[in-house]
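Now for the letters of each chain:
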Amino acid sequence: MTAEYEALREDEGDEEQQQQCFHHQDQSPVLAAPKPKAARVVSLDVFRGLCVFLMMLVDYGGSVFPIIAHSPWNGVRLADFVMPYFLFIAGTALAIVYKKVEDKVDATWKAIARALKLFLLGVFLQGGYLHGVASMTYGVDINKIRWMGILQRISIAYVITALCEIWLPSERWKRSGLFRHYFWQWCLVFALSFIYIGLLNGLYVPDWEFKVSEPTSYIAVSNSSYVYKVKCDTRGDLGPACNSAGLVDRYVLGIDHLYAKPAYRNLKECNKSKDGQIPPSSPSWCHASFDPEGILGSLTATVTCIIGLHFGHILVQFQDHRERLFNWSLFSISLLIIGLFLALLGVPLNKSLYTISYSMVTSCGCGVHILHFILIGGCVWLQKHHISIGVDGSSFFGHFCSRNFKYSHNCYPRLLLGNSENNLIHLIISCFIH
C-alpha cells in the first residue's frame, strides 16, 4: 500500500533549480548561478506523513480493531478517510505545480503519461498478479483481472484535475476574484456531481444473476458453476444489492473483473464467519463481487481532487497567512454544512458508492487537518517534539522502519524455514510488524 503514497507524491519543485548555459562572443560556456530552491509547503508535507501513517494504521490494525476498518456500507470510520486524503493532497499539490504553465501541450502530455503509469502500476499491484505475502506464486488470469482499484481511481482523478488546471483557468477574469478566475473548473465540479446524481438515482436496475465457482450456497447449477439471482427491479436504490454503481461496473467491466471481497460482506445480513465464509442463509448478493473503486464513484472522487486543487489556489494566491487561514476555514465549514445537509436529506455517507455527502465531509476533514498543522507550527513544532509523522511521508516511513528494525533482528532465521511464507515480501513485513 505504501506504493500508493510514493506514486502519488507530487514534486512541487519540478520547476526549481535549472542551470542555464550562456555563450559569450568567444563561444566559451558560462554557467549562470542556479536559482534558489523553492521552499516547500511544510503543512502539506506533514499532511502527507499523516496520510501514510493512517494508511499503515488501518491496513495493519484494521483486523485487530475493526472499529477503524472500512465501514461495511453506510457511515464512515477512520479507514474511510484515507482515500479522500490522498485525492485531496494530490489536487492541492497540482495547484503548486501548475501555478505557471508555459507550454500547455507539453504539460498535458506529461500529466497523461504520469496518470497512465499510475494506472498500470495499480493494475499490477491490485489486478490479481500478486497472490499475497504467504504465496510464492504470481500471475493473473486475464479473464478475472481487476481493472479498477485505488491507484487507478487516483490516476483518473489526477489526470482530469491536472487537465482542468492546465486549460480551464480564465485569464480574462484573473483579477476578478478567486471564484471567477476558476469559474469553468467549478462548472466541471457541478457537471460531474449532476452526472453522478443522475446515474446513481436514475438508472433502472433489473434483476441480475452471477456465477461463482466455489459458493457456500446456490440456487441453480449450470456448467459446473453456481448461479445466484438477485432481485432488484428498481431505480434509485442505495443498498449493496441494487445500486446503479454496481450495475455500471457489471456492464462495462464485467462482474468477474470486480473486487471479490467487498466490505459489505461484514454486514450483519451476510453473517460472515471468522474464516470469511458466507453461510447458505445469507442473501445472494453477499456472494457477489463489488468494486468500491468503480467507475461511477470515480466521478465524485474527481470532485474531491478538484476541491483539493482549490485549497491549493488559496495557498498560492493569498500571501497573507491570516487570509489563507480565513479562506481555508470558510471553505472547510461550507463543505461540512453541505455534506451534513445532504446526509439529512437521505444521501448517506458511503465510501463504497463515494456519495457526494461523503466527498464533502471527508474534504472538510482534509482542510481541517491542514489548518491544524499550520496552527500548531508545522514542521518546527513537530521536529522539536520528535513526532513520528516527520517532515514528509518518506521521512516518516524511514523513521518508522528504523525504529522497528532494531527490534526485529530475530527475523532473519525465518529464511531457513521451509514453508510457504519463506519469501522476501513476507520477510520484510515480518521484520517491521512482529
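See the structure printed just above.
Below you will find a few notes about this structure. Owing to the predicted nature of the structure, the values given are computational and were not obtained by experimental measurement. (Residues numbered from 1 in each chain as written. Predicted model: local features only at pLDDT ≥ 70, side-chain atom pairs only at ≥ 80, totals over all residues. Heavy atoms only, no water.)

## Notes on the overall build of the protein
Basically, it comes down to this: Comment: elements are numbered from the N terminus, with helices defined as DSSP H or I runs of at least four residues and strands as E runs of at least two. Exposure categories follow from relative accessible area, calculated using a 1.4 Å probe and restricted to protein chains: below 20% of the type maximum is buried, above 50% is exposed, and the middle band is partly exposed. Contacts are residue-level and defined by heavy atoms, with any inter-residue pair within 4.5 Å sufficient. We get accessible surface area from the Shrake-Rupley algorithm with a probe of 1.4 Å; when it comes to residues, only the shown protein chains can shield them.
Along the backbone of the protein there are 14 helices and seven strands. Relative to its 434 residues, the protein shows a buried fraction of 45%. Considering only intrachain contacts with a sequence separation of at least 6, the fraction spanning at least 24 residues in the protein is 69%. For the protein, the exposed area adds up to about 22900 Å²; of that, 62% sits on carbon and sulfur atoms.

## Remarks on the state of the cysteines
So the rule is basically this: Put simply, a disulfide is two cysteine sulfurs that come within 2.5 Å.
One pass over the structure, following the stated rule, counts two disulfides. The disulfide partner of Cys232 is Cys242, and the gap between their sulfur atoms is 2.1 Å. Torsion about the S-S bond of the Cys232 and Cys242 cystine: about -85 degrees, corresponding to left-handed handedness. With Cys232 in the loop between strand S6 (225-230) and strand S7 (234-235) and Cys242 in the loop between S7 and helix H8 (244-252), this residue pair connects regions lying 10 residues apart in the sequence.

## A short note on the pattern of salt bridges
Stated formally: The salt bridge criterion pairs a side-chain nitrogen of Lys or Arg with a carboxyl oxygen of Asp or Glu, the two atoms within 4 Å.
Under the defined criterion, the tally for this structure stands at four salt bridges. In this structure, the salt-bridge partner of Glu293 is Lys351, at a minimum N-O distance of 2.7 Å. Of the two residues, Glu293 sits in the loop between H8 and helix H9 (295-317) while Lys351 sits in the loop between helix H10 (321-344) and helix H11 (356-375), which places them 58 residues apart along the sequence. Several salt bridges converge on common partners, so that one network encompasses Arg146, Asp291, Glu293 and Lys351.

## Let's talk about a nonpolar patch on the surface
Applicable threshold: Note that patches include only residues with greater than 30% relative accessible area and no salt bridge, and the join distances are 9 Å for like charges and 5 Å for nonpolar side chains (Val, Leu, Ile, Met, Phe, Trp, Tyr).
Together, Val105, Trp109, Ile112 and Trp167 make up a nonpolar patch on the protein surface, roughly 440 Å² of accessible area in all. If one sorts the elements of the nonpolar patch by residue count, helix H4 (residues 104-126) sits on top with three residues. On the accessibility criterion, Trp167 (44% relative accessible area) is partly exposed.

## Side note on H10
Just so we agree on the cut-off: A helix's residues, less one, multiplied by 1.5 Å, set its expected span. Here a polar contact is recorded for every N or O atom pair within 3.5 Å, except that within protein the pair must consist of a potential hydrogen donor and a potential acceptor, and residues adjacent in sequence are included only if both atoms are side-chain atoms.
With 24 residues, H10 should reach 34 Å at 1.5 Å per residue; the first-to-last C-alpha distance of 35 Å fits that figure. Taken together, the buried positions of H10 are occupied by Arg324, Leu325, Trp328, Phe331, Ser332, Leu335 and Gly339. Structurally, H10 contributes buried residues whose contacts are with helix H7 (183-202), H9 and H11. Where H10 begins, one side-chain oxygen reaches toward the backbone nitrogen of Arg322, 3.1 Å away; that side chain belongs to Asp320. Gly346 sits one or two positions beyond H10 and adopts a positive phi of about 110 degrees.

## Considering the packing of aromatic side chains
What counts is decided by this rule: Each Phe, Tyr or Trp ring, with Trp reduced to its six-membered ring, pairs with another whose centre is within 6.5 Å; inter-plane angles below 30 degrees give stacked pairs, above 60 give edge-to-face pairs, and intermediate values give tilted ones. Counting as a charge over the ring demands two things of the Lys NZ or Arg CZ atom: a distance within 6 Å of the ring centre and an angle within 35 degrees of the ring normal.
Within this structure, the stated rule accounts for 13 aromatic pairs. Seen from their ring centres, Phe47 and Tyr85 are 5.2 Å apart, and the 40 degrees between their planes marks the pair as tilted. Of this pair, Phe47 sits in helix H2 (residues 42-61) while Tyr85 sits in helix H3 (residues 82-97); the two residues are 38 residues apart in sequence, bridging distant segments of the chain. Centre to centre, the rings of Tyr264 and Trp285 are 5.5 Å apart; their planes meet at 70 degrees, and the pair counts as edge-to-face. Of this pair, Tyr264 sits in the loop between H8 and H9 while Trp285 sits in the loop between H8 and H9, and the two are 21 residues apart along the sequence. Here Tyr264 matches Trp285 in class, with each residue buried. Directly above the aromatic system of Trp208 lies the positively charged group of Arg250, at a separation of 3.7 Å from the ring centroid.

## What about the side chain of Ser332?
Position of Ser332 relative to the elements: it lies in helix H10. The residues touching Ser332, leaving out its near neighbours within four places in the chain, are Phe311, Cys364, Gly367, Val368 and Leu371.

## Observations concerning the packing of helix H5 (residues 150-167) against H9
Quick note on the threshold: Every axis corresponds to a line fitted to the C-alpha atoms, with the helix fit spanning only the stretch in contact, and the corresponding angles, defined between N-to-C directions, vary from 0 to 180 degrees. The scheme is simple: roughly parallel for angles under 35 degrees, roughly antiparallel for over 145, roughly perpendicular for 65 to 115, oblique for anything else. Whether a crossing is left-handed or right-handed is set by the direction in which the near helix is turned from the far one by less than a right angle, anticlockwise for left-handed and clockwise for right-handed.
Remark: H5 packs on H9, axes separated minimally by 9 Å, with the N-to-C direction vectors making an angle of 50 degrees. Relative to H9, the element H5 lies oblique. Handedness of the H5/H9 crossing: right-handed. Contact residues: Arg153, Ile156, Ala157, Tyr158, Ile160, Thr161 and Glu165 in H5; Gly297, Ser298, Ala301, Thr302, Cys305, Ile306, Leu309 and His313 in H9.

## Details of unusual backbone geometry
Despite not being glycine, Asp233 shows a phi value in the positive range, around 50 degrees. Note that Asp233 resides in the loop between S6 and S7. We note that Asn271 has phi near 55 degrees; this positive angle belongs to a residue other than glycine. Asn271 sits in the partly exposed class, given a relative accessible area of 43%.

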